[in-house]
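Inside the fold
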Amino acid sequence: MRCDYHDRGLCDSCTLIDQPYAQQLTAKQDGVRALLDGGGADTSGLTWLEPVASAESGFRNKAKMVVAGTVRHPTLGILDPRGRGIDLRECPLYPEPIGRALPIVAAFCTQLRLLPYDVPKGRGELKHVLVTVSPDGELMLRFVLRSAKLLGRIREHLGLLLEALPGLRVVTANLQPEHQAVLEGPVEHVLTDGDSLSMPINGIPLRLRPRSFFQTNTEVAAALYRQAVQWTRELEPAEVVDLYCGVGGFALHLAAPGRRVRGVEISAEAVEAARQAAAEMGLPSSGPGAVTFTAGDATAVERSLEGEVPLVVVNPPRRGLGVELAQRLEESQVRSLIYSSCNARTLARDLAAMPSWRPVQARLLDMFPHTGHSETAVLLQRR
């Protein structure tokens, strides 16, 4: 992939962009494999499946743009080392609906005189714009503001933006008053009637709310869920516990008649989205085949792992499972485990902390082309 911003030295986020993509993919799989083989876990019986490649461009479903510059000429992109804005509206990582939306959003900000936040001076109001696109081309737009000062102005003129972007379904304003490198704050004002974006994947009607996590590469996420479905079909578990379930991606894909599925997620907003999708699918919330979601800390899972659980799915953040949860899984009666990891180093550490588990199959899924990051899914069974 060629990128004018990279060639001009304006952005170095895609650290591997100068390497042919096939070379990137091979190097990533070799690197993850080496980390797991050398991490202390017994990987002698581990079979590596063919890696899942991504599209080289247009694969990111979310644009996180720092707003800088002036009211008349705002920049949407990143900051240089001196805190000045570098405009990246035409970044080739974004699909066409996001690329089309960004200049319209910038024009709206100018029209309403939304003053960009000046990081070096610590003044201004508009800090970020976050744009997410669904597989159907619908959009969610979030303004991250320093205070509520501009809320009335945005609400009053929101119709102009909705008219200019017919696919815009959700608009919110997040308040982040701190002068620090934190993307968003705890307060979210929903400005539209709709408060969630439909994100259908593999026929599953997932819902995304403003502050919920969602995989950044929709097509590769779909492949990740299909891999989990394939492994689960072979195991035929009567029950699945999905820890760090988010908006229910794994849990809802693994739901089946007569199979009990329980999801645990710390974000109440994500849990509500998962419940909404489950209801839309007509899944029961009680009885033998119930699909339920609970808001809670996935690391405090004593009740979720009581008794003999046939299958647990974990999809932790970059920090991994940690000592407590790894030890709990090691001591539990769980029979099979699917571990989806975005950090091979913490994955290797966690596997080494669970010696009674045997890695059986693994697959690298390239969520993040042109960078050193990737997703790895591993199926483990008791020795």
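About the thresholds
- Residues numbered from 1 in each chain as written.
- Predicted model: local features only at pLDDT ≥ 70, side-chain atom pairs only at ≥ 80, totals over all residues.
- Heavy atoms only, no water.
- UniProt positions renumbered as here; feature names shortened; annotations may be inferred.
- Helix = DSSP H or I, 4+ residues; strand = E, 2+ residues; numbered from the N terminus.
- Buried < 20%, exposed > 50% of the residue type's maximum accessible area, 1.4 Å probe, protein only.
- Contact = heavy atoms within 4.5 Å.
- Core = buried A, V, L, I, M, F, W, Y, C linked by side-chain atoms within 4.5 Å.
- Domains from an automatic or database assignment.
- Pairing = 2+ DSSP bridges.
- Right-handed = clockwise from strand over helix to strand, strands pointing away.

Another aspect to go through is the UniProt feature "active site" (unreviewed entry) in the protein. UniProt's entry tags C342 with the feature "active site" (unreviewed entry), counted in the numbering of this structure. Here C342 is to be found in the loop between β15 (336-341) and α9 (344-352). You can call C342 buried: its relative accessible area is 18%. Residues in contact with C342, not counting those within four places in the same chain, are P316, P317, R318, S374 and E375.

Before going further, it helps to spend a moment on unusual backbone geometry. In the Ramachandran plot, Y244 falls in the positive-phi region, its phi being about 60° despite a non-glycine side chain. Of note, Y244 is situated in the loop between β11 (239-243) and α6 (249-254). Of note in this structure, H370 is not a glycine but carries a positive phi near 70°. By the secondary structure assignment, H370 is in the loop between β16 (357-365) and β17 (375-382). Among the residues examined, H370 registers a relative accessible area of 1% and is labelled buried.

Relative to the helices and strands, S54 is located in the loop between β1 (47-48) and β2 (62-69). A relative accessible area of 11% places S54 in the buried class. If sequence neighbours within four positions are ignored, S54 has contacts with Y21, F59, N217, V220, D366 and P369.

Summarising the element assignment, G246 is placed in the loop between β11 and α6. Note: C-alpha distance between G246 and F293 (47 residues apart in sequence) is 9.6 Å. Excluding residues that lie within four positions of it along the chain, G246 makes contacts with E265, A270, V271 and A274.

To continue, consider the UniProt feature "binding site: S-adenosyl-L-methionine" (unreviewed entry) in the protein. The positions that UniProt labels "binding site: S-adenosyl-L-methionine" (unreviewed entry) are, in the present scheme, Q215, Y244, E265 and N315. Within the fold, Q215 resides in the loop between β10 (204-208) and α5 (218-235). With a relative accessible area of 5%, Q215 lands in the buried category. Excluding anything up to four places from it in sequence, Q215 contacts N61, A221, L224, Y225, N315, M367 and E375. Non-local contacts of Y244, meaning those with residues more than four positions away in its chain, are made with V264, E265, A298, T299, N315, P316, P317, G320, L321 and L325.

Among the nonpolar cores identified, the biggest contains 43 residues, and V129, L141, F143, L145 and I154 are the most heavily contacted of them. Of all the elements in the fold, those that place two or more residues in this core are β2, α3 (96-111), β5 (126-133), β6 (139-145), α4 (151-164) and β7 (168-175). No other element matches the seven residues that α3 contributes to this core. Split by domain, the residues of this core number at least three in each of domain 1 (7-55 + 214-382) and domain 2 (62-194). Here V129 is in contact with A63, K64, M65, V67, L76, V105, L141, R142 and F143, once residues within four sequence places are set aside. Counting residues in hydrophobic clusters, the runner-up holds 42 residues, among them V170, W231, V240 and V313.

Turning our eyes to something else, we now look at the pairing of β11. Here β11 lies mainly inside the structure; five of its five residues are buried. Burial of β11 is two-sided: the residues E239, V241 and L243 facing one way and the residues V240 and D242 facing the other way are all buried. Sheet topology places β11 next to strand β12 (residues 260-265); five bridges connect them, and they run parallel. Residue E239 lies in a different strand from β12, and its bridge partner there is R260. Between β11 and its parallel partner β12, the chain crosses via α6, and the hand of that crossover is right-handed. Bridging between β11 and strand β14 (residues 311-314) involves four bridges; their strand directions are parallel. What sits directly across from V241, in β14, is V312.

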